Amino acid sequence: MKHNFGAGPCILPQEVFKEASNAVLNFNDTGLSILEISHRSKEFEEVIAEAERLVRELLRVPQNYSILFLQGGASQQFAMVPMNLLKEGGKAAYLDTGVWASKAAKEASKIGKIEIVASSSDSNYNYIPKNFEIPSDVDYFHYTSNNTIYGTEVFDKPKTNVPTVVDMSSDIFSRDIDVSEYDLIYAGAQKNMGPAGVTLVIVKDEILGKTSRIIPSIFDYHAHIKAASMYNTPPTFAIYTSLLNLRWLKAKGGITVMEQENIIKARALYDEIDRNPFFKGTAAKEDRSRMNVTFVMETPELEAEFLALSKERNLIGIKGHRSVGGFRASIYNALTLSSVNALVDAMKEFEDSKNKA
Ligand SMILES: *Cc1c(COP(=O)(O)O)cnc(C)c1O
């Protein structure tokens with residue numbers, strides 16, 4: 001059995017893979033593949049309606065928020081957010097906590113004025129800036145809740161009285177949040193919701209329609225809301241597979257149960273990183289992500305050797321991102337505690353073999 005610690009696209013539950021593959025051959029006993037049915041068919045309308053219902057239920061999304069299934073990934077949201085929310089001549093505030101956060105800011109700066117309120121680029125984004133001020137005259141404040149590359153996470157929403165937009169691509173559905181604290185949440189599916197190809201957007205209706213900018217319809221949240229995510233052909237298979245994953249999450253007991261498991265998984269791995277003299281964490285302790293665990297070796301020359309042992313032990317995808325180096329174990333919802341324990345065991349085995357040598 002492989003233990004897939006890949007950062008994204010990433011592991012989904014085995015039963016989701018099985019059900020999705022069954023539906024490729026025969027969807028709900030229709031004798032048709034999920035890949036060939038019309039997005040306008042009654043069957044698919046039920047799929048997207050149930051997916052929306054489950055998102056609303058699992059995250060307790062209030063009624064005055066719309067839920068959209070779009071394409072273009074989180075990267076398209078980097079552009080859509082300022083197109084829809086920046087007033088002409090307006091300004092937006094961005095928190096710079098890594099590559100994704102700064103890409104989001106860069107795209108917004110092509111649409112209007114932005115201000116970076118704080119940045120942790122001075123120490124390779126290994127912490128979350130605190131105690132910064134968000135100007136009260138901006139159209140919105142944007143941040144990234146989980147920094148997939150650097151292994152840092154913002155657990156408490158920064159306090160502000162301006163609309164807040166958050167990129168939750170890599171920690172959505174991993175912990176309980178109060179959606180009403182946010183004005184727009186977006187997440188590329190391929191980290192914790194489903195396969196690549198669909199992007200979840202949860203938007204408070206009243207923040208839209210305040211710019212006089214002319215927005216091409218495909219980038220206009222209103223057009224997608226009006227068409228119930230069917231302005232154009234939606235990514236039907238990605239939405240269906242996400243639905244299977246959301247059903248799995250609900251059957252497990254929902255987000256609070258998932259969050260408890262995620263806390264236990266993260267603690268098991270961080271405890272070993274802190275205990276094992278060969279390894280050390282790269283992120284500031286108080287900002288450690290529960291989804292992406294980044295660590296290096298005290299002796300970098302040994303990293304190739306540990307990577308080879310990991311491969312022998314079927315631990316996949318733990319090589320760190322090139323901008324941090326070392327290792328990154330992504331421990332998303334579908335990755336089990338026993339997979340985390342397999343990694344911890346390999347770390348102990350490595351230590352023992354070195355101590356014997
Ligand atoms: C992966 C990732 C992105 C980019 O997502 P795409 O769907 O590839 O555009 C953006 N933000 C975060 C936090 C990510 O983890």
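All values derive from a computational prediction rather than experimental measurement.

Cut-off values and rules
Residues numbered from 1 in each chain as written. Predicted model: local features only at pLDDT ≥ 70, side-chain atom pairs only at ≥ 80, totals over all residues. Heavy atoms only, no water. 1 Å grid on protein atoms, 1.4 Å probe; cavity = no way out; pocket = protein on both sides within 12 Å on 5 of 7 lines; lining within 4 Å. Points joined across faces, edges and corners; volume = space filled by probe spheres on them. Nonpolar A, V, L, I, M, F, W, Y, C, P; charged D, E, K, R; others polar. Domains from an automatic or database assignment. Helix = DSSP H or I, 4+ residues; strand = E, 2+ residues; numbered from the N terminus. Expected span 1.5 Å × (residues − 1). Buried < 20%, exposed > 50% of the residue type's maximum accessible area, 1.4 Å probe, protein only. Contact = heavy atoms within 4.5 Å. Buried area = accessible area lost by both parts, 1.4 Å probe. Salt bridge = Lys/Arg side-chain N within 4 Å of Asp/Glu carboxyl O. Polar contact = N/O pair within 3.5 Å; in protein donor to acceptor, adjacent residues only side chain to side chain. Near = heavy atom within 4 Å. Axes fitted to C-alpha atoms, helices over the stretch in contact; angles between N-to-C directions. Parallel < 35°, antiparallel > 145°, perpendicular 65-115°, else oblique. Pairing = 2+ DSSP bridges.

## Describing empty space enclosed by the protein
Left-over empty space is what a probe sized like a water molecule reveals as it rolls over the atoms. The full count for this structure, using the stated rule, is one cavity of 30 Å³ or more. Taken together, Ile11, Leu12, Pro13, Lys191, Asn192, Asn245, Trp248, Tyr332, Asn333 and Ala334 make up the full set of residues lining the largest cavity. For the lining of the largest cavity, the residue count by class is six nonpolar, three polar and one charged. A domain-level breakdown of the lining of the largest cavity finds at least three residues from each of domain 1 (14-251) and domain 2 (254-356).

## Describing helix H2 (residues 42-59)
For H2, with 18 residues, the first-to-last C-alpha span of 26 Å sits near the 26 Å given by 1.5 Å per residue. Burial in H2 covers these residues: Phe44, Val47, Ile48, Ala51, Leu54, Val55, Arg56, Leu58 and Leu59. On its buried face, H2 sits against strand S2 (65-70), strand S10 (199-204), helix H6 (236-252) and helix H7 (255-275).

## So, the domain arrangement of the protein
Here the domain parsing of the protein yields domain 1 (14-251) and domain 2 (254-356). The distance between the C-alpha centroids of domain 1 and domain 2 comes to 28 Å. Each partner contributes to the interface: domain 1 provides 26 residues, whereas domain 2 provides 25 residues. Of the roughly 2,100 Å² buried at the junction of domain 1 and domain 2 (both faces included), carbon and sulfur atoms supply 53%. A salt bridge links aspartate 287 to lysine 130, with the nearest nitrogen and oxygen atoms 3.0 Å apart. Taken together, domain 1 and domain 2 are joined by 17 residue pairs in polar contact (both at pLDDT 80 or more). Secondary-structure elements contributing two or more residues to the side of domain 1 that touches domain 2 are H2, strand S7 (152-153) and H6.

## Examining the site of the ligand
Residues in close proximity to the ligand total 13 residues, the closest being Ser75, Thr148, Asp167, Gln190 and Lys191. Between the ligand and aspartate 167 there is a distance of 2.6 Å, counted from a nitrogen atom to a side-chain nitrogen or oxygen. No other element matches helix H3 (residues 73-85), which puts four residues into the shell around the ligand. When grouped by side-chain class, the residues that make up the shell around the ligand number three nonpolar, eight polar and two charged.

## With respect to the packing of H7 against helix H9 (residues 337-356)
The N-to-C vectors of H7 and H9 enclose an angle of 5°; their axes lie 9 Å apart at closest approach. Accordingly, the angle class assigned to the pair H7 and H9 is roughly parallel. For the pair H7 and H9, the contacting residues are Ile264, Lys265, Ala268, Leu269, Glu272, Ile273 and Arg275 in the first and Leu337, Val340, Leu343, Val344, Met347, Lys348 and Glu351 in the second. Partitioning the contact of H7 with H9 into residue classes produces nine nonpolar, no polar and five charged.

## Concerning the sheet that holds strand S14 (residues 327-330)
If you walk across this open sheet you meet the three strands as S11-S12-S14, and the pairing is antiparallel. Because the sheet does not close on itself, it has two edges, and the strands there are strand S11 (279-281) and S14. Taking the axes of each pair of neighbouring strands and ignoring which way they run, one obtains an average angle of 35° across the sheet. Sheet topology note: the S11/strand S12 (residues 292-297) ladder contains three bridges and is antiparallel. From the neighbouring strand, phenylalanine 279 faces S12, where its bridge partner is methionine 297. Against the sheet, H7 touches S11, S12 and S14, its axis set at about 15° to S12.

## Some thoughts on the environment of histidine 321
Position of histidine 321 among the secondary structure elements: in the loop between strand S13 (315-316) and S14. Here the alpha-carbon distance between histidine 321 and isoleucine 149, two residues 172 residues apart in the chain, equals 6.2 Å. Each residue touching histidine 321, except ones within four places of it in the same chain, is listed here: Ile149 and Arg328.

## Brief notes about unusual backbone geometry
Glycine 8 connects to proline 9 through a cis peptide bond whose omega is -5°. For proline 9, the position within the fold is in the loop between strand S1 (3-4) and helix H1 (14-25). You will see that asparagine 28, though not glycine, has its phi angle at about 50°, which is positive. Residue placement: asparagine 28 occurs in the loop between H1 and H2. Phi is positive for tyrosine 125, close to 55°, though the residue is something other than glycine. Within the secondary structure, tyrosine 125 sits in the loop between strand S4 (113-119) and strand S5 (140-144).

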